[in-house]
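Notes for the structure review
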Amino acid sequence: SITYILSMVFVFGLGIGLFFLLRKKSELVVKLVLFPISLLGLAAVIINLTAFNDPLHYLPIEFCSYTAILIPVLVLIPKRNLLGNFLIAGSLGALVALILRTPDSYDWPFFSLGFFCYFFGHMAEFLIPQLLFALKKVEIKPIYMISSFVMVIVLYTLSYLVGHHVNVTYGLETNYFF
């Protein structure tokens with residue numbers, strides 16, 4: 001759809017524009033610009049929990065929610081290498097989510113709450129890590145990547161266990177791996 005194409009052009013255009021805007025700026029300026037954008041993913045998590053009258057289906061225990069919660073913290077803290085490398089996986093996941101989308105997202109109007117939560121949340125989860133890496137605010141090292149892999153395995157295991165508990169306890173069919 002045209003909405004989808006324009007959305008993707010917007011994401012990549014914004015990323016390139018922010019890189020050139022921020023590449024020679026101080027750490028404080030980078031934080032002041034990226035922090036409000038980083039809150040888009042967190043806002044999507046909160047909206048999903050409250051607006052759709054089905055909080056058990058929107059518990060923030062899926063990988064995109066972990067990334068959305070972690071990004072504002074990473075933008076603000078000065079030493080972000082260990083946790084920052086976790087964002088490699090989170091950013092790749094957000095890119096996949098932007099490209100593939102969920103089946104119900106194909107019918108969302110451009111200015112709908114569903115579109116806002118899905119698109120802008122994943123946009124922030126993709127752009128912020130890419131900008132932190134490109135601006136050299138997070139150093140990529142193999143040791144950090146190993147710890148990131150361990151974090152991903154632990155978080156996926158936690159998601160599975162909580163999802164299984166919710167499904168068995170409440171008779172639901174939740175999927176926290178989407």
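Right, let's talk about the overall build of the protein for a bit. What the protein contains, in helices and strands, is seven helices and zero strands. Listing the helices and strands of the protein from first to last along the sequence gives α-α-α-α-α-α-α. For a compact globule of 178 residues, the expected C-alpha radius of gyration is about 16 Å, and the protein comes in at 17 Å, within 12% of that figure. Overall, the protein is about 55 × 40 × 25 Å in size when its C-alpha atoms are taken along their principal axes. The 178 residues of the protein split such that 40% are buried. Long-range contacts, defined as pairs at least 24 residues apart, comprise 75% of the intrachain contacts of the protein with a sequence gap of at least 6. For the protein, the accessible surface area stands at approximately 9800 Å², while carbon and sulfur atoms represent 74% of it. Separation of charge centres in the protein, based on 10 positive and 8 negative side chains, amounts to 24 Å.

Turning our attention to the packing of aromatic side chains. In this description, a pair of aromatic rings is defined by centroid distance and the angle of the planes. For the structure on display, the rule yields five aromatic pairs. Among the aromatic residues, ring-to-ring pairing joins Phe10, Phe119 and Phe120 into one connected group.

Let's shift gears to the confidence of the model for the protein. Looking at the protein as a whole, its pLDDT mean stands at 83, while 92% of the residues score no less than 70. When mean pLDDT is compared element by element in the protein, helix H2 (residues 27-51) scores highest at 91, while helix H4 (residues 81-84) scores lowest at 70.

The subject of this paragraph is the side chain of serine 38. In this fold, serine 38 is placed in helix H2. Look at serine 38 and you get buried, because its relative accessible area is 1%. Contacts of serine 38, omitting those with residues within four sequence positions, involve Ala68, Ile71, Pro72, Val75 and Ile128.

The rules behind each value
Residues numbered from 1 in each chain as written. Predicted model: local features only at pLDDT ≥ 70, side-chain atom pairs only at ≥ 80, totals over all residues. Heavy atoms only, no water. Helix = DSSP H or I, 4+ residues; strand = E, 2+ residues; numbered from the N terminus. Rg over C-alpha atoms; globule rule 2.2 N^0.38 Å. Buried < 20%, exposed > 50% of the residue type's maximum accessible area, 1.4 Å probe, protein only. Contact = heavy atoms within 4.5 Å. Areas by Shrake-Rupley, 256 points an atom, 1.4 Å probe, with all protein chains shown as cover. Lys, Arg positive; Asp, Glu negative; His and termini not counted. Charge placed at Lys NZ, Arg CZ, Asp CG, Glu CD. Phe/Tyr/Trp six-rings, centres within 6.5 Å; stacked < 30°, edge-to-face > 60°. pLDDT = per-residue confidence, 0-100.

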